Amino acid sequence: MSKSKTSNTMWGGRFAQGPDAIMEAINASIGFDKRMARQDIQGSRAHAHMLAACGIITDNDAGAIREGLLTVLSEIENNTFEYSTALEDIHMNVESRLTALIGEPAGRLHTARSRNDQVATDFKLWVRDQMDASIGGLEALIGAFLVQAEDGADAVMPGFTHLQVAQPVTWGHHMMAYVEMFGRDLSRMRDARVRMNESPLGAAALAGTSFPIDRHMTAEALGFDAPSANSLDAVSDRDFALDFLSSASICATHLSRFAEELVIWSSAQFKFVTLSDRFSTGSSIMPQKKNPDAAELIRAKVGRINGSLIALLTIMKGLPLAYSKDMQEDKEQVFDAADSLMLALAAMTGMVSDLTPNKPQLETAAAAGFSTATDLADWLVRMLDMPFREAHHVTGALVKLAEDQGCDLPELALSDMQGVCKDITDAVYDVLTVQNSTQSRTSYGGTAPDQVRAQIARWKEVLK
């Protein structure tokens with residue numbers, strides 16, 4: 001049952017034999033954590049520089065280590081690096097190759113450091129990079145929605161509750177609702193990035209180190225605001241990954257909501273929008289079909305991302321301090337969620353940019369279903385000084401009358417309206433058009449075109 005002597009060397013003299021094949025398979029993480037190679041080398045180079053600055057290793061050894069690590073990084077980026085499962089993870093794979101390249105100085109790199117703080121640092125750096133990418137993706141998506149909102153600030157469409165026509169709104173107002181949603185996602189990502197930006201490097205296995213290291217130096221070199229203040233917490237904390245997954249899950253939920261609307265709106269029954277060919281597919285048997293597959297796949301991504309959040313929450317829920325091998329299961333969840341989120345953000349940005357609203361159809365739909373009934377009730381309150389509950393009752397009776405006659409509210413004869421309420425005048429017709437309805441809703445955050453344009457201007461400033 002003899003196994004790799006390389007693995008024994010990396011573990012030290014504690015083990016007489018190499019791992020069994022099954023143990024090697026369950027223990028190894030190189031298959032997925034090699035994605036952190038750049039961050040691992042970044043952290044190691046900073047650590048070597050600090051060790052030399054603090055007089056713990058010589059400048060010559062530090063120089064050899066830092067240059068050797070650049071060679072390893074070049075091999076990885078050029079796909080000439082040979083990964084070994086026997087070496088378990090990206091950290092040991094890099095260190096083993098560094099030893100082959102520069103010899104004895106490589107053995108000094110791990111001074112005052114453990115794989116526990118090393119992996120925590122690498123993972124934080126990777127997640128931070130993904131947060132930055134997500135922030136950029138969200139800014140691009142918000143920008144696409146702003147263009148749609150500006151182009152359709154005056155266009156009228158139905159506003160829904162319960163997927164039933166409720167009141168007329170403007171296309172721009174509907175688009176700006178998603179700007180607000182994704183704006184909160186942007187805020188969450190930015191907030192999480194600030195909160196996670198403390199360096200675990202130098203916490204060592206769990207208790208810190210007796211070597212005279214400078215943790216502030218490595219923190220600054222790696223772009224952290226400060227070193228983490230407690231070594232136990234530093235190596236066992238995965239809140240930063242949970243913050244990312246939580247933010248990603250909420251963002252994916254928002255993406256899914258708009259994807260659902262696109263699926264509905266692009267159907268033959270609605271015809272509210274036309275999706276571009278770039279984000280649609282055909283059918284293998286029905287030549288007339290133009291399927292919103294990109295929207296449907298975005299809608300499905302939330303399941304994967306939510307699953308990743310629940311998985312990591314479950315992994316972390318019962319772990320005593322400090323590090324446990326369970327935490328090796330953290331990365332695949334985050335990697336998969338990050339890939340899914342970035343793809344969904346890019347696809348949705350493309351779909352929104354290419355989206356064509358069918359404005360005549362939207363306006364026709366906005367006038368259906370007695371959508372200006374609330375405007376009629378408000379008119380009764382405002383012009384006849386009627387209590388709102390009474391106005392609500394009168395309007396309901398007028399809606400019933402229109403329904404019985406097979407017409408909409410603006411088509412009711414004045415005499416019929418006066419049969420329900422004798423004080424109604426022909427001035428009521430001014431509030432029963434969908435255009436007047438939307439233009440009248442000038443309260444802050446309302447659907448009036450001027451309000452929509454004000455919010456667009458505010459968001460353009462925010463994105464600057």
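Residues numbered from 1 in each chain as written. Predicted model: local features only at pLDDT ≥ 70, side-chain atom pairs only at ≥ 80, totals over all residues. Heavy atoms only, no water.

J.: Would you take a moment to explain the side chain of R113 for this structure?
T.: Tracing the sequence through the fold places R113 in the loop between helix 6 (90-102) and helix 7 (115-151). With no salt bridge to any partner, buried R113 finds its closest opposite charge in E95, at an N-O distance of 5.0 Å. With near-sequence residues (within four places) excluded, R113 lies in contact with G43, S44, H47, Q118 and L201. (Helix = DSSP H or I, 4+ residues; strand = E, 2+ residues; numbered from the N terminus. Buried < 20%, exposed > 50% of the residue type's maximum accessible area, 1.4 Å probe, protein only. Lys, Arg positive; Asp, Glu negative; His and termini not counted. Salt bridge = Lys/Arg side-chain N within 4 Å of Asp/Glu carboxyl O. Contact = heavy atoms within 4.5 Å.)

J.: Explain unusual backbone geometry here, please?
T.: Excluding glycine, most residues fall at negative phi; most peptide bonds, likewise, are trans. Cis geometry marks the peptide bond from L321 to A322, where omega comes out at 5°. With respect to the element layout, A322 can be found in the loop between helix 12 (293-316) and helix 13 (330-354). For A204, which is not a glycine, the phi torsion comes out positive at approximately 60°.

J.: Would you mind showing me how to read the pattern of salt bridges here?
T.: Opposite charge on two side chains permits them to pair, given that their charged atoms come into close proximity. With the rule as written, the count across this model stands at 26 salt bridges. Of the charged contacts in the structure, one is a salt bridge between R115 and D89, with a shortest N-O distance of 2.7 Å. Linking R115 in helix 7 with D89 in the loop between helix 5 (59-77) and helix 6, this pair joins segments that are 26 residues apart in sequence. For D89, a relative accessible area of 6% translates into the label buried. With a shortest N-O distance of 2.5 Å, E260 and R299 are connected by a salt bridge. Taken as a pair, E260 in helix 11 (residues 239-265) and R299 in helix 12 lie far apart in primary sequence, 39 residues in all. Under the relative-accessibility criterion, E260 is labelled partly exposed at 32%. Three or more residues joined by partner-sharing salt bridges are found here, namely E88, D89, R115 and K325.

J.: Explain the environment of F160 to me, please; I cannot follow it from the model alone.
T.: Mapped onto the secondary structure, F160 falls in strand 1 (residues 156-161). Along the sequence, F160 and S371 sit 211 residues apart, while their C-alpha atoms lie 9.5 Å from each other. Residues contacting F160, with those up to four places away along its chain left out, are V165, A166, F270 and F272.

J.: Quick question: what am I supposed to make of the pairing of strand 2 (residues 164-170) here?
T.: For a regular strand, side chains alternate in direction, first toward one face of the sheet and then toward the other. Judged from the 6 bridges that link them, strand 1 and strand 2 form a sheet pairing that is antiparallel. Considered in strand 2, the bridge of F160 is made with V165. Where strand 1 hands over to strand 2, the hairpin turn is made up of 2 residues, of which H162 adopts a positive phi near 60°. (Pairing = 2+ DSSP bridges.)

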